[in-house]
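Structural characterization, general
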Amino acid sequence: MAKATGPSGELDVNLLASLVVSAYEEADRDRQRTDRAISLMIEEVHQTNARLLDAFTIVPEGLVLLNAEGKYVLYNQRFVELYDPVRDTIGIGADFSDTIRAALQRNYYPEAAGQEGAWLAEWLSRPQREHYRTEQRISGDRWLRVDERCTADGGSIGIHVDITDLKQREESLRARSEQLTEAQRMGKIGDWTYELGAADVRWSAQVFKLLGFAADSFSPTQEAMMSMCVGDGAKRVLQAQSEIMRTRGVRSVDVQIRKADGSIGEFVVTSKLALGRDNRIIGFSGTIQDISERKAAERALENLAYYDALTGLANRALFQHKVSDALARCAETGAQMALLLLDLDRFKEVNDTLGHDSGDELLAMIARLILRILGRDNFGFRLGGDEFAIAVMDPTDRQTAAHIAAEVIAALSAPMTLDRGEVRIGASIGIAVAPDDGSNLVDILRCADVALYRAKESGRGCFKFFEPDMNASVQKKMVISRGLQDAISAGKGLELWYQPQVDVATERVSGFEAHVRWKHPDLGYVSPNEFLPVARTSQLIRDVGLWSLREAALQARAWIDAGETPREIAVSVSAMLISHRDFVHDIAVVLNDVNLPPQCLCLEVTEDLLINNAADRIRSVFRELKRLGVTLVLDDFGAKHSSLNYLLELPFDRIKIDPIFKDEAANSRRAQKLLRGIIALGHDLGMKTSAKGVESTAEIGILRKLGCDMVQGDAILPPSPAAEALAFAYSGAFGRAAQSTVTRRKAGLG
């Protein structure tokens, strides 16, 4: 109004009207601006609501808005899909609790079966909580996660997510984790981590268990961990970790660790770098594995590989390694080493008479005796069978090795008490000294072997040092020994030749004596006088004897099958063969296998057998042999300490007179009387008599005159191949037979 009053104080109506119009126009403009602002706000709200609705529609989770009464205000399609079995209960204004009741009734929640009331109460209590979250298994073996939060108006907004894939991955991860944990438990593996500069090492529960410490009372510091390592174990672990920092690789170190109970276990500590986000080294991580059982198994395998299970001595493999190393040291330092090869005397007899168990018991006892003599500085080995070796390290002189050899021989020559009785054996030893006798394993072993052979050849029970002049003679015998062994193993080279045994009265061949012959692949025929002593020395005589028995039986059977008159075949049996505990069984097997009438097999034994073996044992064997039906002959009667007791106590069928009596009888009446007495003695005891080595028709005449029943010798026919011997039986010749001697003379075996 003041603006419409003039200077005189009077109201200017026109001015007032103008002002009113102006104010109205301004107010109209303000209203228009306000309307535009409200319109923009409404449009933005609509857009925001549209965007919210779009978000409800496109999000992969199920969304739902409930008001304060728990009724549906808004929900999206995904929510309806998640609750498809009860979608008929979902709608704006509908009560969410009705959806839950319907879901319970329709088994939408399998885990609620039987406790539906408790489940419903749980759901109805939701509005009382500001934030509610749960995971539920639903039908179809699927899982839902429900996450609800209260809104300012008392309602709620809920997010319902299908977490079936997540649950399956969690289950797979849990199963793998359990498998890993079980694998670590079974493999006795625990893991650890260490941050550089930290005091403690983080141990997994399995590490605590492996080392026997309690997690609630023991703090695994770096210092404590290192102090548990035995010897230089801690140093080697730290060295490995230093190398890892340079190479960024992985290193494993075998260490011994003292456990909580004080015992020491074998472990492998594996380390690798722990890196930060910027690839900076922040520490180490790794595993600890208990390998005590593996180490024990490795030691057991090493024992099997390098030690003899029966005696505990190092075996041939370790022998080669140890001796080769010792020889190398000798070459480097100028030191010496003595190699002693031992061969047991009469061990085979123990094995044959008392059995293999007693033989094993004896070998173990021998090993203990050897170890007691050697002490710590020298080594004992079992090379196989009854072969032993000793390595004397750096002996002061040859007498050191000689003293040990003498002590071993004395110990092994003493009586030894086994479970099945007392035995006496002995030993022969060959000694070679390095580097004088050889600087490598092959040479030193060969020289010791040569010396051993000379010791056995010298009568056993002694030792011999290798001497260069031993080589020629001994090595030939060793060649014969090895060749003979190969011939026996391969069944090639050995032959039986036959010498006729003639009945003096009828002048007909009543049988043959088998003589073993051997054709060496390189040496040709080797004289029996050369290879049989070697066979006895090397204890191959039993094998030769068994081969001869079977071959003779086969020949006798072959002649019978060819229609020949059954004739007796005599085989000389060695003391070693007949003293074997299975000898009677071996004879029975041969007779049975060949189907040979027992009376066709004659066994000839010498007086040596009777002198050197237990009488009770011999009597028992001979009685069993007679029950089999074979013929028994006492060979070389009168050659040594003849005893009439043998003829009285043992069931001999025939005695074969030693050639010495026949040789003397040609020139001495007294010798003839002695020979007549032996023949008469045999006849009076019911035994036939025979003479061998007959070399002239004059000798045959004397033997016929004195009443000898049978003769054999070169005057009749030398040992010959089977065909020639049989041909002679048909010839009827008596005296030096007309026969081909080409084979015999070529062989030098006449």
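Residues numbered from 1 in each chain as written. Predicted model: local features only at pLDDT ≥ 70, side-chain atom pairs only at ≥ 80, totals over all residues. Heavy atoms only, no water.

**What to know about the overall build of the protein chain**
For clarity, the cut-off: Counting from the N terminus, the helices are the DSSP runs of H or I reaching at least four residues and the strands are the DSSP runs of E reaching at least two. Relative accessibility decides the category of a residue: with a 1.4 Å probe and only protein chains considered, values under 20% of the type maximum give buried, values over 50% give exposed, and everything between is partly exposed. Two residues form a contact once any of their heavy atoms are found within 4.5 Å.
Along the backbone of the protein chain there are 27 helices and 26 strands. Put simply, the protein chain has 750 residues, and 44% of those count as buried. Nonlocal contacts in the protein chain, meaning residues at least 24 apart in sequence, comprise 56% of its contacts between residues at least 6 apart.

**Considering the packing of aromatic side chains**
The following threshold applies: Put simply, two rings from Phe, Tyr or Trp (the six-membered ring, in Trp's case) pair if the centres are within 6.5 Å, and we call them stacked under 30 degrees between planes, edge-to-face over 60, tilted for the rest.
Counted by the stated rule, this structure contains 20 aromatic pairs. Ring centres 6.1 Å apart and planes at 65 degrees place the aromatic pair Tyr72 and Phe79 in the edge-to-face group. With a relative accessible area of 0%, Phe79 lands in the buried category. Site record: aromatic cluster; members linked through ring pairs are Tyr72, Tyr75, Phe79, Tyr83, Phe96, Tyr108 and Tyr109.

**A closer look at the pattern of salt bridges**
Applicable threshold: Between Lys or Arg on one side and Asp or Glu on the other, a salt bridge is scored when a side-chain nitrogen of the former is within 4 Å of a carboxyl oxygen of the latter.
Tallied over the full model, the rule gives 32 salt bridges. Here Glu467 makes a salt bridge to Arg398, at a shortest N to O gap of 3.6 Å. Pair noted here: Glu467 is in the loop between β17 (463-465) and α15 (471-490) and Arg398 is in helix α13 (residues 398-413), with a separation of 69 residues, a long-range link. In this structure Glu467 comes out as partly exposed when scored by relative accessible area, which is 34%. For Arg398, a relative accessible area of 38% translates into the label partly exposed. Of the charged contacts, one joins Asp561 and Arg557 as a salt bridge, the two residues approaching to 2.9 Å between their closest N and O atoms. Of the two residues, Asp561 and Arg557 are both situated in helix α17 (residues 541-561); the distance of four residues between them amounts to about one turn of the helix. Among the residues examined, Asp561 registers a relative accessible area of 56% and is labelled exposed. When salt bridges that share partners are traced, they join Glu135, Arg145, Lys167 and Glu170 into one network.

**Observations regarding a positive patch on the surface**
Short version of the rule: Patches here are clusters of residues that have more than 30% relative accessible area and form no salt bridge, with a 9 Å joining cutoff for like charges and a 5 Å cutoff for nonpolar side chains (Val, Leu, Ile, Met, Phe, Trp, Tyr). Here, Shrake-Rupley sampling with a 1.4 Å probe gives the accessible areas, and only protein chains in the shown set may cover a residue. Counting rule for charge: Lys and Arg are taken as positive, Asp and Glu as negative, and neither His nor the chain ends is counted. Every charge is mapped to an atom, namely NZ of Lys, CZ of Arg, CG of Asp or CD of Glu.
A contiguous patch of positive charge on the surface is contributed by Arg669, Lys673, Arg676 and Lys705. The element best represented in the positive patch is helix α24 (residues 669-684), accounting for three residues. If you trace the backbone, Lys673 turns up in helix α24. Exposure remark for Lys673: the relative accessible area of 64% places this residue in the exposed category.

**Observations regarding empty space enclosed by the protein**
Let me state the cut-off plainly: Only protein atoms enter the 1 Å grid, on which a cavity is a set of points fitting a 1.4 Å probe that cannot get out and a pocket is an open set with protein on both sides within 12 Å along at least 5 of 7 lines, lining residues being those with an atom within 4 Å of a point. Grid points are joined across faces, edges and corners, and a volume is the space filled by probe spheres set on the points.
In total, this model carries three cavities of 30 Å³ or more according to the counting rule given. A volume near 130 Å³ is recorded for the largest cavity. Considering the residues around the largest cavity, the lining is formed by 13 residues, among which Trp192, Gln222, Met225, Met226 and Gln241 are closest to the centre. Secondary structure elements with two or more residues in the lining of the largest cavity: β6 (189-195), α7 (222-228), α8 (233-247) and β10 (281-290).

**Thoughts on α17**
Since the α-helix advances by 3.6 residues per turn, residues separated by three or four positions end up pointing in the same direction. The following threshold applies: Under the convention used throughout, the expected extent of a helix is 1.5 Å for every residue step, that is, one less than its residue count.
Here α17 spans 30 Å end to end across 21 residues, near enough to the 30 Å set by a 1.5 Å rise per residue. A positive phi of about 95 degrees marks Gly563, the residue just after α17.

**Remarks on helix α25 (residues 697-706)**
Our working definition: Think of the arc as the fan of directions from the helix axis to the C-beta atoms.
Looking only at α25, the buried set comprises Glu699, Ile700, Ile702, Leu703 and Leu706. Buried residues along α25 cover an arc of 160 degrees about the axis, so they all sit on one side. Residues of α25 that are exposed and angled more than 90 degrees away from the buried face: Thr697, Ala698 and Lys705. Considering only its buried residues, α25 is in contact with α23 (659-665), α24, β25 (688-691) and β26 (710-711). Two residues or fewer past α25, Gly707 is found with a positive phi of approximately 95 degrees.

**A look at the environment of Arg106**
Condition: Whenever two N or O atoms come within 3.5 Å, that pair is a polar contact, provided that in protein one can donate a hydrogen and the other can accept it, and provided that, for residues adjacent in sequence, both atoms are side-chain atoms.
Its location among the elements puts Arg106 in the loop between α3 (96-105) and α4 (116-124). Distance from Arg106 to Pro85, taken between C-alpha atoms, is 7.6 Å for residues 21 residues apart in sequence. Once residues within four sequence positions are removed from consideration, Arg106 is found in contact with Pro85, Val86 and Asp88. A polar contact is formed between the side chain of Arg106 and the side chain of Asp88, at a distance of 2.9 Å.

**Description of the packing of α24 against α25**
A pair of packed helices can be characterised by two numbers: the angle between their axes and the separation between those axes. The condition that has to hold: Between N-to-C directions, angles cover 0 to 180 degrees, with each direction set by a line fitted to C-alpha atoms, over the stretch in contact for helices. Oblique is the label for any angle not covered by the other classes, which are roughly parallel (under 35 degrees), roughly antiparallel (over 145) and roughly perpendicular (65 to 115). Two helices that cross are described as forming a left-handed crossing if the nearer one is turned anticlockwise from the farther one by less than a right angle, and a right-handed crossing if clockwise. By the convention adopted, Pro, Cys, Tyr, Trp, Phe, Met, Ile, Leu, Val and Ala count as nonpolar, Lys, Arg, Asp and Glu as charged, and the other residues, Gly among them, as polar.
Where α24 contacts α25, the axes come no closer than 9 Å and their chain directions differ by 55 degrees. Taken as axis vectors, α24 and α25 run oblique relative to one another. As for the relative orientation of α24 and α25, their crossing is right-handed in sense. Contacts between α24 and α25 involve Gln672, Leu675, Arg676 and Ile679 on the former and, on the latter, Ile702, Leu703, Lys705 and Leu706. Across the contact of α24 with α25, the residue classes tally to five nonpolar, one polar and two charged.

**Brief notes about the side chain of Asp345**
Summarising the element assignment, Asp345 is placed in the loop between β11 (337-344) and α11 (347-354). For Asp345, a relative accessible area of 1% translates into the label buried. Among the polar contacts listed, one links the side chain of Asp345 to the backbone nitrogen of Ala427, at a separation of 3.4 Å. In terms of polar contacts, Asp345 uses its side chain to reach the side chain of Ser428, at 3.2 Å. Setting aside residues up to four positions removed in sequence, Asp345 forms contacts with Ile425, Gly426, Ala427, Ser428, Arg460 and Gly461.

**So, unusual backbone geometry**
The linkage connecting Ala434 with the following residue, Pro435, adopts the cis geometry, with an omega of 5 degrees. Within the secondary structure, Pro435 sits in the loop between β16 (427-434) and α14 (441-457). Backbone geometry at Asn279 places phi at a positive 65 degrees, although glycine is not the residue there. With respect to the helices and strands, the residue Asn279 is situated in the loop between β9 (264-275) and β10.

**What to know about the packing of α17 against helix α19 (residues 583-594)**
Following both chains from N to C, one finds α17 and α19 inclined at 25 degrees, their axes separated by 9 Å at the closest point. The pairing of α17 with α19 is recorded here as roughly parallel in orientation. Two packed elements cross with a definite hand, and for α17 against α19 that hand is right-handed. Contact residues: α17 offers Arg542, Leu546, Leu549, Arg550, Ala553, Leu554 and Arg557, while α19 offers Phe583, Asp586, Ile587, Val589, Val590, Asp593 and Val594. A breakdown of the residues in the contact of α17 with α19 according to their chemical character gives nine nonpolar, no polar and five charged.

**Quick notes on the environment of Ala405**
Locating Ala405 in the fold gives a position in helix α13. Taking C-alpha positions, Ala405 is 6.7 Å from Phe463, a pair spaced 58 residues apart along the chain.

**A look at the nonpolar core**
For clarity, the cut-off: To qualify as a nonpolar core, a set must consist of buried Ala, Val, Leu, Ile, Met, Phe, Trp, Tyr and Cys residues joined through side-chain atoms within 4.5 Å.
Counting 109 residues, the largest nonpolar core has Phe583, Leu603, Phe622 and Leu625 as the members making the most contacts within it. In terms of residue count, the dominant contributor to this core is α17 (nine residues). Each residue touching Leu603, except ones within four places of it in the same chain, is listed here: Leu549, Val571, Val573, Phe583, Ile587, Leu625, Val630, Thr631, Leu632 and Val633.

**With respect to the pairing of β9**
Put simply, the test is: Here, any two strands with at least 2 DSSP bridges between them count as paired.
Counting buried positions over the 12 residues of β9 gives nine, a clear majority of the element. Direction of pairing for strand β8 (residues 251-258) relative to β9: antiparallel, over a ladder of eight bridges. By the bridge assignment for β9, Val253 is matched with Val269. The hairpin formed by β8 and β9 contains five residues between the paired strands, and Gly262 there has a positive phi angle of roughly 95 degrees.

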